[in-house]
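# A closer look at the structure
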Amino acid sequence: MLEIRSISKTFHPGTVNEKTALDNVSLTLQDGDFVTVIGGNGAGKSTLLNAIAGTWFVDEGQILIDGVDVTHLSEYKRAKFIGRVFQDPMLGTAATMQIEENLALAYRRGRTRTLRRGINAAERENYKAMLQTLGLGLEERMNTRVGLLSGGQRQALTLLMATLQKPKLLLLDEHTAALDPKTAAKVLDTTQRIVERDHLTTLMITHNMRDAIAYGNRLIMMYEGHVAVDVSGEEKKRLTVEDLMQLFEKAAGDSIVNDRMLLS
C-alpha cells in the first residue's frame, strides 16, 4: 500500500545549518497496517510524514501509494490518496462553518466542492449517524460552528472528516499531543476503532512510548533520520517500555538515556 524506497532529505545543504532529516529511509506498509512512529526531537518523524504527503519533495528515492509513484506529485494531487490529522486541533476544519458543513466538504472531496445546493435530508441523516459513532453528542449539535467546539471534539471531528472517504493512507501527526490525557485517550480509542473498522493503512506519530506500544500492529522508532527499530506482530504485543528502550540502545547506542522526549 505504501512503499518508500531509499528516500533522503537534507535541509539547508551546503550551509552551516545543514541538517539531514531523512537518511536513505526505506519502509513498506501492507494494506491495513497501523504503524506507530516514535523518536526524539529531530529524529525525522514529521519530515517522513511531510515527505509522504508532498509538503516538500525528497532529494532522492521514491514514494509509492497503492502502486502509484507520487514522488513528484504536488501536495494537492497526493491529497486524493491521503487523509491527514495534525497536532493542532485548529487545523483540518473550517472554524466559522457548521459541523454539518465541514462534513459535507469532506464528503465531497475529490469532486467540485460547493455547498451551493445545500445539504439534503439524506446527507444530514448520514452525517448524524457518523457523528454518533464518536460518542461525543455532536450529532445533536450539527448546526454548531466548529470554532465553538473543545479541542478534543474538534480533533475527533477532524479524524472523522479525514477518514470519511476511506483514504488509501491515513497520516496522524501527533494528533493527540495538544489534548489532556483523558481526551487524548478517547481520541486514540476512536482512532483505533475507525482504522480497524475501515481497514485503513495508517502511520501515527506519537511521543508517548506507551501509546506507541498499545496501538497498532507495528512500531518503528526513528533516530537521526533513519529507522532504528521496527517491531510488529507478537513481538510488539509483548513489548514493554523497558524492552523498547533496550531495543533502541542496542540499535542506536546509549544516547536514548538522555532523550527526555522518549520517556513520556
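Throughout what follows, the structure given in this document is the object of discussion. Quantities reported herein were computed from a predicted structural model and do not represent experimental measurements. (Residues numbered from 1 in each chain as written. Predicted model: local features only at pLDDT ≥ 70, side-chain atom pairs only at ≥ 80, totals over all residues. Heavy atoms only, no water.)

This paragraph deals with the packing of aromatic side chains. By the definition in use, this model includes three aromatic pairs. Between Phe11 and Trp56, the aromatic rings sit 5.0 Å apart at their centres with planes inclined by 80°, giving edge-to-face as the arrangement. Of the two residues, Phe11 sits in strand β1 (residues 2-11) while Trp56 sits in the loop between α1 (45-53) and β4 (60-65), which places them 45 residues apart along the sequence. Among the residues examined, Phe11 registers a relative accessible area of 22% and is labelled partly exposed. The class of Trp56 is partly exposed, set by a relative accessible area of 28%. (Phe/Tyr/Trp six-rings, centres within 6.5 Å; stacked < 30°, edge-to-face > 60°. Helix = DSSP H or I, 4+ residues; strand = E, 2+ residues; numbered from the N terminus. Buried < 20%, exposed > 50% of the residue type's maximum accessible area, 1.4 Å probe, protein only.)

What follows covers unusual backbone geometry. Although it is not a glycine, Asp66 sits at a positive phi angle of roughly 55°. Along the chain, Asp66 falls in the loop between β4 and β5 (68-69). One non-glycine residue with positive phi stands out, namely Glu174, at about 50°. Relative to the helices and strands, Glu174 resides in the loop between β7 (169-173) and α6 (181-198).

Before going further, it helps to spend a moment on the nonpolar core. Formed by 27 residues in total, the largest nonpolar core has its most connected members in Leu2, Ile7, Leu48, Ile52, Ile65, Leu171 and Leu203. At the level of secondary structure, the elements contributing two or more residues to this core comprise β1, β2 (19-29), β3 (34-38), α1, β4, β7, β8 (202-205) and β9 (218-223). When residues in this core are grouped by element, the largest group, five residues, is from α1. Residue contacts for Leu48: discarding those within four places in its chain leaves Ile4, Ile7, Leu22, Val25 and Met222. (Core = buried A, V, L, I, M, F, W, Y, C linked by side-chain atoms within 4.5 Å. Contact = heavy atoms within 4.5 Å.)

This part takes up helix α5 (residues 151-163). Turn by turn, an α-helix covers 3.6 residues, leaving residues three or four places apart pointing in a common direction. An ideal rise of 1.5 Å per residue puts 18 Å on 13 residues; α5 measures up with 18 Å between its terminal C-alpha atoms. Turning to α5, its buried residues number three or more, namely Gly152, Gln153, Arg154, Gln155, Ala156, Leu157, Thr158, Leu159, Leu160, Met161, Ala162 and Thr163. Buried positions along α5 lie against β6 (82-85), α3 (99-107), α4 (121-132), β7 and α6. (Expected span 1.5 Å × (residues − 1).)

As defined by bridge partners, β9 adjoins strand β10 (residues 226-232) across six bridges and the pair is classed as antiparallel. When the bridges of β10 are listed, Ile220 appears paired with Asp230. The hairpin turn running from β9 into β10, its antiparallel successor, is two residues long, and Glu224 in that turn takes a positive phi close to 50°. (Pairing = 2+ DSSP bridges.)

As a further point, take the pattern of salt bridges. Counted according to the given criterion, the structure contains nine salt bridges. A salt bridge links Arg124 to Glu100, with the nearest nitrogen and oxygen atoms 2.8 Å apart. A residue pair is termed long-range when its members are at least 10 positions apart, and Arg124 in helix α4 and Glu100 in helix α3 qualify at 24 residues. The buried category is assigned to Glu100, whose relative accessible area is 6%. Connected via shared salt-bridge partners are Asp33, Arg218 and Asp230. (Salt bridge = Lys/Arg side-chain N within 4 Å of Asp/Glu carboxyl O.)

A separate point is the sheet that holds β1. Strand order across the open sheet formed by four strands is β2-β1-β4-β5, with antiparallel pairing between neighbours. Two strands bound the open sheet, and with one partner strand each, they are β2 and β5. The sheet contact formed by β4 and β5 spans two bridges and is antiparallel. Note that in β5 the partner of Ile65 across the bridge is Val68. Sheet strands in contact with α1 are β1, β2 and β4, and its direction is about 115° off that of β1. (Axes fitted to C-alpha atoms, helices over the stretch in contact; angles between N-to-C directions.)

Next up on the list: the environment of Leu219. Mapping Leu219 onto the fold places it in strand β9. By relative accessible area, Leu219 is classed as buried at 0%. For the pair Leu219 and Val146, spaced 73 residues apart in sequence, the C-alpha separation works out to 33 Å. Sequence-distant contacts of Leu219, defined by excluding residues within four places in its chain, comprise Thr36, Ile38, Ala212, Ile213, Val229, Asp230, Val231, Lys236 and Leu244.

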